[in-house]
Amino acid sequence: KPATPLFRDFAPTWMTEFKPSWRRSHLATVESTVNGHLIPAFGEKPVGEISKSDILQFRALLAQAKGRNGNTTLAAKTINRVIQLLGQILAEAAERYNFVNPVDKIKRLKQQRVDIHPFTMDQVRKILDATRADYRCYLIVRFFTGMRTGEINGLKWKYIDFERRQILI
C-alpha cells in the first residue's frame, strides 16, 4: 500500500476543499461529525490502512452510544450519516492515494419506518373552517397535493396549468 496521511490530517484538508460547495448548516454538521466521532476513532490511523473491520467495529460502538433527547442509543439514520461521511472522506483519499474505499462494501443499517397519521377529512375541514380566508387556498393546496414546504413556498403562477389541472414542481 502506498504511504497515506493520517486520518486526522486528511479530514481537515478534505473539509477545507469541499467547504465552498456546502451550506453553513451542512458545514456545522460535517465539522461536528468529523471532530466528535471520526477523528477520535480514526485520527491516528493512515487513511489507506482503515479497513472494513475497523469501520464495522466503529459502527458497532456507535450503535451502543447514548442518543440525544432521551433516546437510549443513536438512531440508525444517524449512524448511517456518520458512516456515509466517513465514506466520502475515504473515497476522496482512495482516489488520491490509489486504494479501495472500505466503506463501499458496507451496507447501511435498516431504518425504522415512521408511522404517519395524516389528518382525517373531518379534521382537514375543521382546520380550513378555522383558518383566515387569505390562508385557506394555501392550506388546501398543502393538504391535497403533498407538496413540501420549500416546493409550495417557491411556487409561481407560471407553474400552475389550470387547463390540465397540474402543478409543475
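Since we're looking at a predicted model, the values are computed, not measured.

Chemist: Sorry if this is basic, but what is going on with the packing of aromatic side chains here?
Modeler: One pair of aromatic rings is described through two measures. These are the centre distance and the angle between the planes. Counting across every chain of the model gives eight aromatic pairs. Aromatic pair Phe10 and Tyr97: ring centres 6.2 Å apart, planes at 75 degrees, arrangement edge-to-face. On the criterion of sequence distance, the pair formed by Phe10 in helix 1 (residues 7-18) and Tyr97 in helix 4 (residues 76-97) is long-range, its members being 87 residues apart. You can call Phe10 buried: its relative accessible area is 3%. Through a chain of ring-to-ring contacts, three or more aromatic side chains come together here, namely Phe7, Phe42 and Phe58.

Chemist: So what exactly am I meant to see when it comes to the environment of Met15 here?
Modeler: Positionally, Met15 belongs in helix 1. Linking Met15 and Asp104, residues 89 residues apart in sequence, is a C-alpha distance of 20 Å. Residue contacts for Met15: discarding those within four places in its chain leaves Trp22, Val30, Glu31 and Val34.

Chemist: So what exactly am I meant to see when it comes to helix 1 here?
Modeler: Because the α-helix completes a turn every 3.6 residues, residues three or four places apart line up on one side. Between its first and last C-alpha, helix 1 extends 16 Å over twelve residues, near the 16 Å set by a 1.5 Å rise per residue. Listing the buried residues of helix 1 in full gives Phe7, Phe10, Ala11, Trp14 and Met15. Buried residues of helix 1, seen end-on, are gathered within an arc of 135 degrees and therefore sit on one face of the element. On its buried side, helix 1 packs onto helix 2 (24-42) and helix 4.

Rules used throughout
- Residues numbered from 1 in each chain as written.
- Predicted model: local features only at pLDDT ≥ 70, side-chain atom pairs only at ≥ 80, totals over all residues.
- Heavy atoms only, no water.
- Phe/Tyr/Trp six-rings, centres within 6.5 Å; stacked < 30°, edge-to-face > 60°.
- Helix = DSSP H or I, 4+ residues; strand = E, 2+ residues; numbered from the N terminus.
- Buried < 20%, exposed > 50% of the residue type's maximum accessible area, 1.4 Å probe, protein only.
- Contact = heavy atoms within 4.5 Å.
- Expected span 1.5 Å × (residues − 1).
- Arc of directions from axis to C-beta.

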